[in-house]
Amino acid sequence: MFKGIGVSRGTVIGKVCLVDRSSICAIKYKVERAKIDDEVGRFTDAVEDTKSQIREIKARVSKDVGSKHVYILDTYIMILEDEMLINETIKGIKEEYVNAEWALKVSLDRFAGLFDSVEDEYLRGRKLDIQQLGSKIMSNLTGNLYEDLSDMDESIVIVAHDITPSDIIQMISKKVLGFVTDIGGKTSHTGIMAFALGIPAVVGLKDITTNVKTGDSIMVDGESGIVVVNPSKKDLRDFLKKQQGYKYYEEKLEEIKDLPAETKDGYEVKLMANIEYSNEIVSILNYGAEGIGLYRTEYLYLNRRDLPSEEDHFLDYKKLGKGLYPKSVVIRTLDIGADKFHFHLDPIQEANPALGLRGIRFSLSHLDIFKTQLRGILRASYYGDIKIMYPMISTIEEVREANKIVKDVQDELTQKGIPFNKDIEIGVLIETPSAVMIADLLAKEVNFFSIGTNDLIQYTLAIDRVNERVTYLYQPLHPSILRMIKSVLSAAHKEGISVGICGEMGGDPLNIMILLGLGEIRELSMNPRSIPEIKKMIRLITLEEVRGIADRAISLTSVDEINEFAKNEMERLSSRE
Ligand code: PEP
Ligand code: MG
């Protein structure tokens, strides 16, 4: 039995498909002799595609940030033109009768090994470049890592060192029941997406990839984080019982789907959905969402080679705005960076991406990309109740600059006679400690705040969201976080603007009493699957009693005491049912 971090509840039993993602991901298979030339052709085409994409990115990046930043792209082209890598791979395909992905992986590993053995520190550092380039060719080669899985007869559980958000998108239509990984933390975007899509997942298992082989049977409990390989009959019985328990619980929650999220003393909270795709619209309504409080638009940019056009943005947002009207839709502008790294958009790999050119910082330094998205949002605003939200704000200048760009885009549209909502509301995510400290000032510049607790916890407790070694410090009820939330609520209310919460913290019933007791929160946006459970909790409490609970919680000195207190209070309130 293995214990990791459950990030997406649900239980599954399936067959292991071990994907080697620790360096370069590749599945090995034999290629018939007659098809070897085609296989070589597939590889050389992928190399040519990669070269032309890199040249294209180089041209764009040089225009945006100047040619001195594109040295890494020159390195990539040089490696691609080096006969050694190409010939080695072709030789591998021809001599071993293996697929191009596998042959490429073998030669890349060999190449990387050479870099390991050189003394020069700079050259050793180039190993990363090779790996990055390797994944690039690989994605051109396979187009889709999970394509091969469609040939599999059985339903499978992916076991990998790591899974990226774009991998998850590819799993949707395949026979992937769930996944487990060596690394990853509680609020990694991979986990968040898996939960939203109902794919049970356990991350942070440290070395699960070395303890299973393809074809083993595996049980995954995405709630407790327990994973069992080749289970006994007893394990299976216990598991099925647990599965039935979850099913019964979810059915019970279904019953309150259409009731309001209102406390016993009549305080109503709007429960909204966080979404990653515009086609989640039907499912969010099924969970009882009253709108979309966070649309993570990064996913529009993933899994494609080109950038989304203004029309792509417009049609996507219009579909949401129109489809949900009069419910509102908050569209967050691009929040690329951190664990949503995207090679096509930004080929420069940063040492500390969570602290790098992320969110609004990226948009403000890539105005073409930012303006294209804003034009799409503004045009769509004519068809629904659409709001704009900026991610990763840490200074007031960023807000002012972004607002000025919105204004420029609005002027352009007016000049062209294109309709849009002139009173569109603009908000910011409060997710950095600096934004908390200047919340009173930021409140004068925008119409609303949404507290992004995932990042706020990451930056306040100084923990990388995707690093399982520090997940124990993901502590939503840490006194620092409670104090920060309280101070943001009070700053916003002084200025008369509304505040919501859209981090995972708001989707955990344990936190709800305290959050609602800390100050006026009228909106909570969460993973849609959490909505029924949160509604159930809200309907159990009175605002008056949770104010008392929050006062007591914030007076305690340690997170352990607060957690203990919150658990006891939750049990007490739930037993009143
Ligand atoms: C957050 O940081 O809390 C948030 C809601 O945004 P994301 O999880 O996409 O970073
Ligand atoms: Mg965030």
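Here goes a summary of the coordinates provided.

### Focus: the site of ligand 1
- Around ligand 1, a shell composed of 16 residues is seen, among which His 189, Arg 296, Gly 452, Asn 454 and Arg 465 lie nearest.
- One of the side-chain N or O atoms of Arg 358 is found 3.3 Å from an oxygen atom in ligand 1.
- Contact between ligand 1 and Asn 454: an oxygen atom at 2.8 Å from a main-chain N or O atom of the residue.
- In isolation ligand 1 has 290 Å² of accessible area, and contact with the protein removes 100% of it.
- For the shell around ligand 1, the secondary structure elements donating two or more residues are helix H8 (189–196), strand E10 (291–296) and helix H17 (453–460).
- For the shell around ligand 1, the element with the highest residue contribution is H17, accounting for three residues.
- A class-by-class count of the residues in the shell around ligand 1 yields three nonpolar, five polar and eight charged.
- Counting contributing residues, the shell around ligand 1 receives three or more from each of domain 3 (260–265 + 442–577) and domain 4 (290–424).

### Re unusual backbone geometry
- At the junction of Tyr 325 and Pro 326, the peptide bond is cis and its omega measures out at 10° in the coordinates.
- Tracing the backbone shows Pro 326 in the loop between helix H11 (310–324) and strand E11 (328–332).
- A positive phi angle is found at Lys 206, which is not glycine, with a value near 65°.
- Along the chain, Lys 206 falls in the loop between strand E6 (201–203) and strand E7 (217–221).
- A relative accessible area of 59% places Lys 206 in the exposed class.

### Some points on the coordination of the magnesium ion (ligand 2)
- Only Glu 431 (OE) and Asp 455 (OD) from the protein coordinate the magnesium ion (ligand 2), and they sit 2.0 to 2.1 Å from it. Pair noted here: Glu 431 is in the loop between strand E13 (426–430) and helix H15 (433–437) and Asp 455 is in helix H17, with a separation of 24 residues, a long-range link.
- On the basis of relative accessible area, Glu 431 is assigned to the buried category, the value being 2%.

### Some thoughts on the side chain of Asp 335
- Topologically, Asp 335 is positioned in the loop between E11 and helix H12 (360–365).
- A polar atom in the side chain of Asp 335 sits 3.4 Å from the backbone nitrogen of Gly 359.

### Section: the pairing of E7
- Of all five residues making up E7, five are buried, and the element is well covered by its neighbours.
- Alternating residues of E7 divide into Ser 217, Met 219 and Asp 221 and Ile 218 and Val 220, and every residue in both groups is buried.
- As paired elements, strand E3 (residues 11–19) and E7 share five bridges and run antiparallel to each other. Note that in E7 the partner of Gly 14 across the bridge is Ile 218.
- If you look at the hairpin formed by E7 and strand E8 (residues 226–229), you'll find four residues sitting between the two strands, and Gly 225 has a positive phi there, around 85°.

### Thoughts on the sheet that holds E6
- Spatial strand order, E1-E8-E7-E3-E4-E5-E6-E2: eight strands in an open sheet with mixed pairing. The two strands at the open ends of the sheet, each matched to only one other strand, are strand E1 (2–3) and strand E2 (5–8).
- Pairing of strand E4 (residues 156–160) with strand E5 (residues 176–181) involves five bridges; the strand directions are parallel. Opposite Ala 160, over in E5, you have Thr 181 as the bridge partner.
- Across the sheet, H8 lies against E2, E5 and E6, angled at about 50° from E2, the strand it touches most.

### Regarding the sheet that holds E13
- Pairing within the closed barrel is parallel, and its eight strands lie in the order E9-E10-E11-E12-E13-E14-E15-E16. With strand direction ignored, the average angle separating the axes of adjacent strands in the sheet is 25°.
- Looking at chain direction, E10 and E11 are connected through four bridges and run parallel. When the sheet's bridge partners are listed, Ile 292 is paired in E11 with Val 329.
- The strands that H11 touches are strand E9 (270–275), E10, E11 and strand E12 (385–390); relative to E10, the one it contacts most, it runs at about 170°.

About the thresholds
Residues numbered from 1 in each chain as written. Chains lettered and ligands numbered in written order. Predicted model: local features only at pLDDT ≥ 70, side-chain atom pairs only at ≥ 80, totals over all residues. Heavy atoms only, no water. Near = heavy atom within 4 Å. Polar contact = N/O pair within 3.5 Å; in protein donor to acceptor, adjacent residues only side chain to side chain. Areas by Shrake-Rupley, 256 points an atom, 1.4 Å probe, with all protein chains shown as cover. Helix = DSSP H or I, 4+ residues; strand = E, 2+ residues; numbered from the N terminus. Nonpolar A, V, L, I, M, F, W, Y, C, P; charged D, E, K, R; others polar. Domains from an automatic or database assignment. Buried < 20%, exposed > 50% of the residue type's maximum accessible area, 1.4 Å probe, protein only. Donors = N, O, S within 2.8 Å, 3.2 Å for Na, K, Ca; no water. Pairing = 2+ DSSP bridges. Contact = heavy atoms within 4.5 Å. Axes fitted to C-alpha atoms, helices over the stretch in contact; angles between N-to-C directions.

Shape is all these values report; function is a separate question.
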